[in-house]
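Single-letter residue listing:
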Amino acid sequence: MNSTTSPDSMLDEYVRIEVIPDGQHLVESMFRHRYRQAAPDFPHHVVVFCRSVSGQWLPAAYMHATDRGDFLLGGGACVDDRVVRQLSRESRNAIAKAGGLYLHALRWAMAYFSPHYAAIFGYCGDRLAERIDLSAGFVHTVHANLLVYFTRELTDAEKNRLIEDANKIGPF
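The structure reproduced in this document is the subject of the present report.

Cut-offs and rules
Residues numbered from 1 in each chain as written. Predicted model: local features only at pLDDT ≥ 70, side-chain atom pairs only at ≥ 80, totals over all residues. Heavy atoms only, no water. Helix = DSSP H or I, 4+ residues; strand = E, 2+ residues; numbered from the N terminus. Rg over C-alpha atoms; globule rule 2.2 N^0.38 Å. Buried < 20%, exposed > 50% of the residue type's maximum accessible area, 1.4 Å probe, protein only. Pairing = 2+ DSSP bridges. Contact = heavy atoms within 4.5 Å. Axes fitted to C-alpha atoms, helices over the stretch in contact; angles between N-to-C directions. Salt bridge = Lys/Arg side-chain N within 4 Å of Asp/Glu carboxyl O.

## As for the overall build of the protein chain
Scanning the protein chain from N- to C-terminus turns up six helices and seven strands. Ordered by position from N to C terminus, the α and β elements of the protein chain give β-α-β-β-β-α-α-α-β-α-β-β-α. Here the C-alpha radius of gyration of the protein chain, 16 Å, is about what a compact globule of 172 residues would show, namely 16 Å. Projected onto its principal axes, the C-alpha positions of the protein chain cover 50 × 30 × 30 Å. A buried classification covers 45% of the 172 residues belonging to the protein chain.

This is the structure we're talking about:
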């Protein structure tokens, strides 16, 4: 596996994260289980693999990111509890201590994509996911459910333009 450095190195023994160009086939079952629809069939697929008790690396969590030019839309996050149950107690404890797979994957994705985009947006109607997004550095916008993480210093005018451009897309 070609994973990049994890933001929480204590999980490196148990967790690997990759952006996989054609990753929808790896996460289809997990995505359908969570959202009752097919996984997106276009980039970017952020797939979190966890090492099972048997030593096999299994897709355990997923996030989708859509390129919109100077900003990124993040969504479709899910964790496959069916896979998590196959992990050792030690790995589950380490994952919990690090804040969970979603927070770990989100921080990883923020670090991975930040050099390429001025902002990363999330559209969040789930209160638990919202708390995790906020703890990772996202902030509320003036629009309901639209969260943003600015990856660099921007003027207020630039921030407002990006927020309005993302809001025009609607739920994603």
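Still to come is the rest of the account.
## Considerations on the sheet that holds strand β2 (residues 45-51)
The seven strands are arranged β1-β2-β3-β4-β5-β7-β6 in an open sheet whose pairing can be described as mixed. The open sheet is flanked by β1 (15-19) and β6 (139-140), the only strands paired with a single partner. Two elements, strand β5 (residues 119-123) and strand β7 (residues 146-150), share five bridges in a ladder whose sense is antiparallel. Along β7, the bridge assignment pairs Tyr123 with Leu146. Contacts from helix α6 (residues 156-169) reach β4 (71-79), β5 and β7 within the one sheet, and its direction differs from that of β7 by about 140°.

## Looking at the pattern of salt bridges
As enumerated under the stated definition, the model contains eight salt bridges in all. The network of salt bridges with shared partners includes Asp70, Arg161, Asp165 and Lys168.

## Thoughts on the environment of Met10
Among the secondary structure elements, Met10 is positioned in the segment before β1. Placed 85 residues apart in sequence, Met10 and Ile95 show a C-alpha to C-alpha distance of 8.9 Å. Setting aside chain neighbours within four positions, we find Met10 in contact with Ala94, Lys97 and Ala98.

## Thoughts on unusual backbone geometry
In the segment running from Pro43 into His44, the intervening peptide bond is cis, with an omega of 15°. Mapped onto the fold, His44 is located in the loop between α1 (24-35) and β2. One non-glycine residue, Arg36, adopts positive backbone phi at about 60°. Positionally, Arg36 belongs in the loop between α1 and β2. Here Asn145, not a glycine, exhibits a phi torsion of approximately 70°, which is positive. If you trace the backbone, Asn145 turns up in the loop between β6 and β7. The class for Asn145 is partly exposed, based on a relative accessible area of 28%.

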